[in-house]
Amino acid sequence: MPKKALILVEGGMMGLGQLFVQAAKRLGLHPIVLSADPPQYHYLATENIEAVRVDTANLDALVRECSRIGATYEIAGITSAREKFYATAGKLCQHFGLPGPNPASIEGCCDKFNQRQLLAEAGLPVPVYRMATNATEVESAAAEIGLPVILKPAVGAGSSGVRLCRDAEELAEHTIYLLGGTYKWQTSPRILVEEFARGTYFVADIMGNKVIEIGAGKFGPPPHFVYDEYTYPAPLSDDQRTRITDVSLSCLRALDLNWGPTNIEFRWTERGPVVIEVNPRLAGSPDPQLIQLACGVDLVMEHIKLVIGDECDLRKRHSQTATARFLVPDRDGTLDRIDGADQAADVPGVAEVTWYVKTKAPIVRRGDYLDCIGHIIAASPTPAQTSAILQRAVDSITWSITPFPTIDE
């Protein structure tokens, strides 16, 4: 009998890709990563994972490579840990007759303007929004909505290119950044201009049609939305939990998302939950680790089970509070040293200390998820205890960044 392989289209960032290959191994599968640039995923060598260099933007090339792999292995499933390639994985699943998401629904949802339209047409609560393709349209849309507004690319992930614009100067500055050739667009330039929904941030993590858990998040200082802290479960009243759950399931129906993982971001405003974004994929790390610590459901493992046609087990096994603190530098430069990581990991209750970069790496902040250089996760029976554990661990870590030389030096 040929060995069963799980094909992953590209790896994953911030530790998610490693979770996928580890879970695949635990299920007795042979993970194979198809990537345009395999060396970018350092964990492939650590985990001794087979990787194949292929143009992952070319569906025909991926079909040929999967067919070649199928001559040696039984392909049990195909998926991706990256939003940019999740619809592509769905197309491969369709081609080879394997379980997977509807790629048309994924692509429609990943276009934020299209997503907004579908949600609004279904009567779901979304921020006031407009589409713009040039500076004049941005300015006009912002005037209609009223400052402050958020500017974001119509297609993208991880808060890349997203900024809160509080006055005309910030609006003009970010418009120039997005349209002036600095920002790298995945598609033709289209900017979503939308109302800034004020309120506590929540995220609902879903598998199929079941809300597994709802988390709460905090961000660093504006105008960007760089992660600061995530906690599962969120401190919600029964009414809040019910309303977020109901709106989440309505989003799935409006967007035709009825298979696999989804995560939906909200702001709890004066009018209740407002949908900020529906992400038609598994949430990035460290959300899966937090959910597993909080309630015992391993979303990565259960997602892979779906992909290979096995039955999911989404039963909660325990209840505790899990929190992640993101480590974010306050300057650009060269990361010279990291101290105290081992001491932080040894603090009782700390579940994980993970670094996304290595010493001597260049640090260039862009105001998105890539600004984070690592995270610490702690878990305990109570929110107060978890917070104390996390603070003790964070306090033990220091790092040093040497600014880049100026032109005069």
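Refer to the structure above for everything that follows.
The model shown is predicted, which means the values in this text are computed figures rather than measured ones.

Cut-offs used in this document
Each chain has its residues counted from 1, following the order in which its sequence is written. Local features in this predicted model are restricted to residues of pLDDT 70 or higher, and side-chain atom pairs are both shown and tallied only at a pLDDT of 80 or more, whereas totals for entire chains, interfaces and linings draw on every residue. Calculated side-chain values reflect all of the structure's heavy atoms, with hydrogen atoms and water omitted. For two strands to be treated as a pair, DSSP must find no fewer than two bridges joining them. Think of it this way: any DSSP run of H or I at least four residues long counts as a helix, any run of E at least two long counts as a strand, and we number them from the N terminus. Under this scheme, a helix contributes an axis fitted over its contacting stretch, all axes are lines through C-alpha atoms, and angles between N-to-C directions fall in the 0 to 180 degree range. Note on definitions: a residue-residue contact is assigned when non-hydrogen atoms from the two residues lie within 4.5 Å. Angle categories are assigned with fixed cut-offs, so that under 35 degrees is roughly parallel, over 145 is roughly antiparallel, 65 to 115 is roughly perpendicular, and the rest are oblique. Here a crossing is taken to be left-handed if its near helix is turned anticlockwise relative to the far helix by less than a right angle, and right-handed if that turn runs clockwise. Residues are grouped as follows: nonpolar covers Ala, Val, Leu, Ile, Met, Phe, Trp, Tyr, Cys and Pro; charged covers Asp, Glu, Lys and Arg; every other residue, Gly included, is treated as polar. Throughout, exposure labels follow a simple rule: accessible area from a 1.4 Å probe, protein chains only, divided by the maximum for the residue type, with under 20% read as buried, over 50% as exposed, and the rest as partly exposed. Of all possible arcs, the one meant is that of the directions from the helix axis to the C-beta atoms. The salt bridge criterion pairs a side-chain nitrogen of Lys or Arg with a carboxyl oxygen of Asp or Glu, the two atoms within 4 Å. Under this definition, polar contacts are N or O atom pairs within 3.5 Å; protein pairs additionally need one hydrogen-donor-capable and one acceptor-capable atom, and for neighbouring residues in sequence, both atoms have to be side-chain atoms.

Student: Before we go on, may I ask you to explain the sheet that holds strand E8 (residues 191–195) in this structure?
Tutor: Within a beta sheet, neighbouring strands are joined by backbone hydrogen bonds and run either parallel or antiparallel to one another. Strand order across the open sheet formed by four strands is E5-E8-E6-E7, with antiparallel pairing between neighbours. Each end of this open sheet is capped by a strand with a single partner; those strands are strand E5 (129–132) and strand E7 (163–165). Adjacent strand axes in the sheet meet at a mean angle of 25° when their direction is disregarded. Of the pairings in the sheet, the one linking strand E6 (residues 149–153) to E7 comprises three bridges and is antiparallel in character. The residue bridging Ile150 from the neighbouring strand is Leu164, located in E7. The strands touched by helix H6 (residues 112–121) within the sheet are E5, E6 and E8, with E5 carrying the most contacts at an inclination of about 150°.

Student: Please clarify how the packing of H6 against helix H9 (residues 238–255) should be interpreted in this entry.
Tutor: A pair of packed helices can be characterised by two numbers: the angle between their axes and the separation between those axes. Where H6 contacts H9, the two axes come as close as 9 Å, and the packing angle between them is 110°. It follows from the interaxial angle that H6 and H9 lie roughly perpendicular. For the pair H6 and H9, the sense of crossing is right-handed. When H6 is examined against H9, the residues Gln115, Leu118 and Leu119 are found in contact with a partner set consisting of Cys251, Ala254 and Leu255. Partitioned by chemical class, the residues of the contact of H6 with H9 number five nonpolar, one polar and no charged.

Student: What is the right way to look at H6 in this model?
Tutor: An α-helix turns once every 3.6 residues. As a result, residues three or four positions apart point the same way. Lys112, Gln115, Arg116 and Leu119 are the residues of H6 that are buried. Projection of H6 onto a plane perpendicular to its axis shows the buried side chains occupying an angular sector of 100°, all on one side. Buried-residue contacts for H6 involve helix H5 (103–110), E5, E6, E8, H9 and strand E13 (272–279). Looking one or two places after H6, you find Gly123, whose phi comes out positive at around 80°.

Student: Looking at this model, I keep getting lost on the pattern of salt bridges. Mind explaining?
Tutor: It is possible for side chains bearing opposite charge to pair when their charged atoms get close. Counted according to the given criterion, the structure contains 27 salt bridges. The network of salt bridges with shared partners includes Lys112, Arg116, Lys152, Glu194 and Glu277.

Student: When you look at the packing of helix H4 (residues 83–96) against H5 in this model, what are you seeing that I'm missing?
Tutor: Where H4 contacts H5, the axes come no closer than 8 Å and their chain directions differ by 165°. Between H4 and H5, the angle falls in the class roughly antiparallel. The element H4 and its partner H5 pack so that their crossing is left-handed. Within the contact between the two elements, H4 uses Glu83, Tyr86, Ala87, Gly90, Lys91 and Gln94 and H5 uses Pro103, Ile106, Glu107 and Cys110. Within the contact of H4 with H5, the residues separate by chemical class into five nonpolar, two polar and three charged.

Student: What is the right way to read the pairing of strand E11 (residues 227–232) from this model?
Tutor: Look at any regular strand and the pattern is simple: side chains alternate between the two faces of the sheet. Where burial is concerned, most of E11 is hidden: five out of the six residues are buried. Sheet topology note: the strand E10 (residues 210–219)/E11 ladder contains four bridges and is antiparallel. Pairing of Gly217 across the sheet is with Tyr230, part of E11. As judged from the four bridges shared by E11 and strand E14 (residues 321–327), these two strands associate in the antiparallel manner. Note that in E14 the partner of Thr231 across the bridge is Thr323.

Student: Help me understand the environment of Arg315 in this model?
Tutor: Mapped onto the elements of the fold, Arg315 is located in the loop between helix H11 (299–307) and E14. Each C-alpha atom, one on Arg315 and one on Thr182, is 46 Å from the other, the two residues being 133 residues apart in sequence. Within the structure, Arg315 has its side chain in polar contact with the side chain of Asp313 (distance 2.8 Å).

Student: What am I meant to see in unusual backbone geometry here?
Tutor: Excluding glycine, a negative phi dihedral is what most residues carry, and trans is how most peptide bonds are arranged. Put simply, Pro222 and Pro223 share a cis peptide bond, and its omega is 20°. Of note, Pro223 is situated in the loop between E10 and E11. Between Tyr232 and Pro233 the backbone carries a cis peptide bond, its omega angle lying at -10°. Note on placement: Pro233 falls in the loop between E11 and H9.

Student: Explain the sheet that holds strand E1 (residues 4–9) here, please?
Tutor: Sheet architecture is open: four strands sit in the order E3-E2-E1-E4, paired in parallel fashion. Only two strands of the sheet have a single neighbouring strand rather than two, namely strand E3 (50–53) and strand E4 (74–79). The average undirected angle you get between the axes of adjacent strands in this sheet is 25°. Pairing between E1 and strand E2 (residues 30–35): five bridges, direction parallel. In the strand pairing of E2, Ala5 is matched with His30. Relative to the sheet, helix H3 (residues 59–70) contacts E1, E2, E3 and E4, its axis offset from that of E2 by approximately 155°. Against the sheet, H11 makes contact with E1 and E4, and its axis sits at roughly 125° relative to E4, the strand it touches most.

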